[in-house]
Amino acid sequence: MDDGIKPSLPQSSFSSEEKPPEKKEQEAAPKAEPSPSQKEKGKIAVGFEQFQLSPEVQRALKEMGFVTPTDIQREAIPAVFKGFDVLGQAKTGTGKTAVFGIYLTDVIDRRLNHPQALVLAPTRELAMQIAREISTISKYTGLRVATVYGGQSIEPQIRQLRQGVHVVVATPGRVLDHLERGTLNLSHVCRVVIDEADRMLDMGFIDDVRRILGHTMKGRQTMLFSATMPEEILKLSKQYQYEPMYISVSRDEPAVITHIAHQFIMVSPKTKYDALFLYLEEKQPHHTIIFCRTKSSSDKLGFVMKKKEFRASAFHGDLSQNRRDSVMKMFREGSINILVATDLAARGLDVLEVSHVINYDPPDDPIMYVHRVGRTGRIGRGGTAVSLIAYGEMGLLGQIERHCKITMEEVKLTGYVAVREDDYQTFGSRSGNRPQQQHQHYGQRGGGSRRGGFGNYRQGGGGRPRR
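Residues numbered from 1 in each chain as written. Predicted model: local features only at pLDDT ≥ 70, side-chain atom pairs only at ≥ 80, totals over all residues. Heavy atoms only, no water.

Enquirer: Which residues make up the overall build of the chain, and what values go with them?
Expert: A tally of helices and strands in the chain yields 15 helices and 14 strands. With 467 residues in all, the chain has 57% of them scored as buried. Look at the contacts in the chain between residues 6 or more apart in sequence, and 78% of them connect residues 24 or more apart. As displayed, the chain has an accessible area near 20,300 Å², and 48% of this comes from carbon and sulfur atoms. (Helix = DSSP H or I, 4+ residues; strand = E, 2+ residues; numbered from the N terminus. Buried < 20%, exposed > 50% of the residue type's maximum accessible area, 1.4 Å probe, protein only. Contact = heavy atoms within 4.5 Å. Areas by Shrake-Rupley, 256 points an atom, 1.4 Å probe, with all protein chains shown as cover.)

Shown next as C-alpha cells:
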C-alpha cells in the first residue's frame, strides 16, 4: 500500500492497526458531496436545516447568523455525522471550526460526567477561539467545555476538570502536563479533532500529539484538519485514522481569499508612520490588524499610535498570557479597534469584525501573506488587505503577486508622496526586473497639510461604525 494519500481522490483507503475490526462496515464509505464550485450554476444551496440538527443547535446557529453552509461545512458535516474519520484540507476562514463544533454539540451524551471529545490546537489563542465557538453553538444544550492551555495557572483548570466536562479544547503541552499529574482522563474520549495540523507540525508538536492519541479510546473517530498536506501529516493520518474521507476545498495552490481587496501604498521608510496614519484617517476601518515583522517594531508602533490617540495595542508572543487575553477581549468588545501584531496573530485568531489587514512590514514569505490577509474576509465576508511598500521592496510585492496569482491595486493618499529610494535594486522590481518608470512621479514629500488632525477616528467618533 502507498504511504501517501492520493489528494485527487475524495476518499482515501488507509488502514490502521489501531482501529478495531468491527469498523469494517465503513469500507464502502460514500464519496463527499461536490462543492458549490463543482455544482451546476443556479442550483440552490443547502441550508443547515438539511443536516437535521437538534432544535437547540439550529436556534444557536440562527442567532450566530449561519444561513448557508460553506464548502467545507457542506461536505464534512454529513461525513462526520455518519461516523467517518475525516481528513479535511481547508484554508483558515472557511468555517471548519463549525464542522466539529456542530457535530460534537449534537452527539455528545451530556448525561455522562467525563470528557468524551478532545480538540487539539497548536496555540492558546486558537484553543480559546475554538472553545468560544463550541460554547456559543452549544449554549442551549448544557454542554460543558473546558479550555486547557499553558501560560496560566494549572489549578483553575484542574478544578474545572474535576467538576466534569464533556469536551476538552487544549494545546498539546498542557494536555501532557495534566496526563502526568493524573488530572485528565482521556480513556473515554471517543472523538478527537486535530485542528491546524500543519501548524502543529511546524511548531514541533506532532510527537506530543501521538503520545496524547495513545491515551484515547481505540476505535475512536478522528478528524484532522489542515491548510496544507505535507508528507508528515499524511503519515499521521495513515497511522491514526481508519479509511478517512478526504475532503479538500483548498488544494496546495495559493489559498488567498478572493473576495477581499488586495492593495498597496508606495511609502518612504522615513515617513511610513505618516502614510499609515493618513490611511487610517481616510478609510476609518472598523477593526484592523497591523502586522509588523518583529516584536520590537510592534511595541514601538503600538506605543506611537497610543501617543497619537489611536485606540491600538501591541500583540505578540512576549506578552504574558493574561495581557494577551486582555488585549483580545478589548479588541473583540471594541474598546480598542487596532491590533499591532507580529505573525503570532496570522493564524489561529478569528475575529469576524476585522475589516482591514495592514502589512506595515510586508512579509518575506508569500505564504505568510496568505495567512496574514486571511484574518479578514472571514466566512465569506468582505475585507481589505493593504501593504505598505517602499521602492526597495517592490520585488517582494511581485513575488507575492506571482505566488498568489493576484494583482494588487495601488492606493494613493491625499497629501502624501513617497520619496524614491536608491536601494530599489536590493529586492528587484515588481516584475522581477528593474522598476519601471511609471513610479517616478513620486517626488519629494509634498507641502499639502494634513486634514485637521485625527481626533475623531482615534477617539472612536467621526465616521467609525458603531457597534
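Still to come is the rest of the account.
Enquirer: Kindly report on the sheet that holds strand β11 (residues 338-341), identifying the contributing residues and their values.
Expert: Here we have seven strands laid out as an open sheet, ordered β10-β11-β9-β12-β13-β8-β14, and parallel in their pairing. Here the strands that pair on one side only, and so sit at the sheet edges, are β10 (312-315) and β14 (409-410). With four bridges joining them, β10 and β11 adopt parallel strand pairing. Following the sheet pairing, A312 is matched in β11 by I338. (Pairing = 2+ DSSP bridges.)

Enquirer: Quick one: what's the story with the sheet that holds strand β4 (residues 167-170), residue by residue and with numbers?
Expert: In space, the seven strands of this open sheet follow the order β3-β4-β2-β5-β6-β1-β7, with parallel pairing throughout. Single-partner strands in this sheet number two, and they are β3 (145-148) and β7 (245-248). Within this sheet the neighbouring strands show an average axis-to-axis angle of 15 degrees, counted without direction. Summarising the sheet, strand β2 (residues 117-120) and β4 pair through four bridges and their orientation is parallel. Bridged to A117 within β4 is V167. (Axes fitted to C-alpha atoms, helices over the stretch in contact; angles between N-to-C directions.)

Enquirer: Help me get a handle on the pairing of strand β5 (residues 191-194), residues and values and all.
Expert: Taking every second residue as pointing to the same face, both faces of β5 are buried, with R191 and V193 on one and V192 and I194 on the other. Of the strand pairs in this sheet, β2 and β5 are connected by four bridges, and their pairing is parallel. Across the sheet, the residue bridging to A117 is R191, located in β5. As defined by bridge partners, β5 adjoins strand β6 (residues 221-226) across four bridges and the pair is classed as parallel. For I194, the partnering residue across the bridge sits in β6 and is L224.

Enquirer: Pulling in residues and values, what's your account of unusual backbone geometry?
Expert: With a phi close to 55 degrees, Q52 is a non-glycine residue in the positive phi region. Examined against the element boundaries, Q52 turns out to sit in the segment before α1 (55-63). Despite not being glycine, K405 shows a phi value in the positive range, around 60 degrees. Within the secondary structure layout, K405 lies in the loop between α14 (394-404) and β14. The class of K405 is exposed, set by a relative accessible area of 67%.

Enquirer: Outline the nonpolar core, listing residues and values.
Expert: In terms of nonpolar packing, the biggest core is built from 40 residues, with L276 and M305 touching the most fellow members. Among the elements that make up this core, the one with the highest residue count is helix α10 (residues 272-283) (six residues). Among the nonpolar cores identified, the runner-up in size contains 39 residues, and A79, A121, V169 and M245 belong to it. (Core = buried A, V, L, I, M, F, W, Y, C linked by side-chain atoms within 4.5 Å.)

Enquirer: Provide a residue-level description of the environment of Y242, including the pertinent values.
Expert: Secondary-structure assignment places Y242 in the loop between α9 (231-240) and β7. With a relative accessible area of 3%, Y242 lands in the buried category. Here the alpha-carbon distance between Y242 and T222, two residues 20 residues apart in the chain, equals 8.2 Å.

Enquirer: So, the pattern of salt bridges: which residues are in play, and what are the values?
Expert: Pairs may arise between side chains of opposite charge once their charged atoms sit close together. Summed over all chains, the structure comprises 15 salt bridges. With a closest N to O distance of 3.3 Å, E63 and K139 form a salt bridge. Of this pair, E63 sits in helix α1 while K139 sits in the loop between α4 (124-137) and β3, placing them 76 residues apart in sequence. Residue E63 is classed as partly exposed on the basis of its relative accessible area of 46%. Three or more residues joined by partner-sharing salt bridges are found here, namely R59, E63 and K139. (Salt bridge = Lys/Arg side-chain N within 4 Å of Asp/Glu carboxyl O.)

Enquirer: Could you give an account of the packing of helix α8 (residues 206-213) against α9, naming the residues involved and the relevant values?
Expert: As a packed pair, α8 and α9 sit with axes 12 Å apart at the nearest point and diverge in direction by 5 degrees. The angle between α8 and α9 falls in the class roughly parallel. Contacts between α8 and α9 involve I206, R210 and L213 on the former and, on the latter, E232, I233, L236, Q239 and Y240. (Parallel < 35°, antiparallel > 145°, perpendicular 65-115°, else oblique.)

Enquirer: So what's going on with the pairing of strand β12 (residues 354-359)? Which residues, and what values?
Expert: Along any regular strand, the residues point their side chains to alternate faces of the sheet. With six of six residues buried, β12 lies mostly within the body of the structure. Alignment of strand β9 (residues 287-291) against β12, held across five bridges, turns out to be parallel. Residue pairing across strands places I290 opposite I358, the latter belonging to β12. Sheet topology places β12 next to strand β13 (residues 383-389); four bridges connect them, and they run parallel. By the bridge assignment for β13, I358 is matched with V386.

Enquirer: Break down the environment of K272 for me, citing the residues and quoting the values.
Expert: Inspection of the secondary structure assignment puts K272 in helix α10. The exposure class assigned to K272 is buried, which follows from its relative accessible area of 9%. Excluding anything up to four places from it in sequence, K272 contacts V267, Y360, D361, P362 and L388. Of the polar contacts made by the side chain of K272, one reaches the backbone oxygen of Y360; its length is 2.6 Å. (Polar contact = N/O pair within 3.5 Å; in protein donor to acceptor, adjacent residues only side chain to side chain.)

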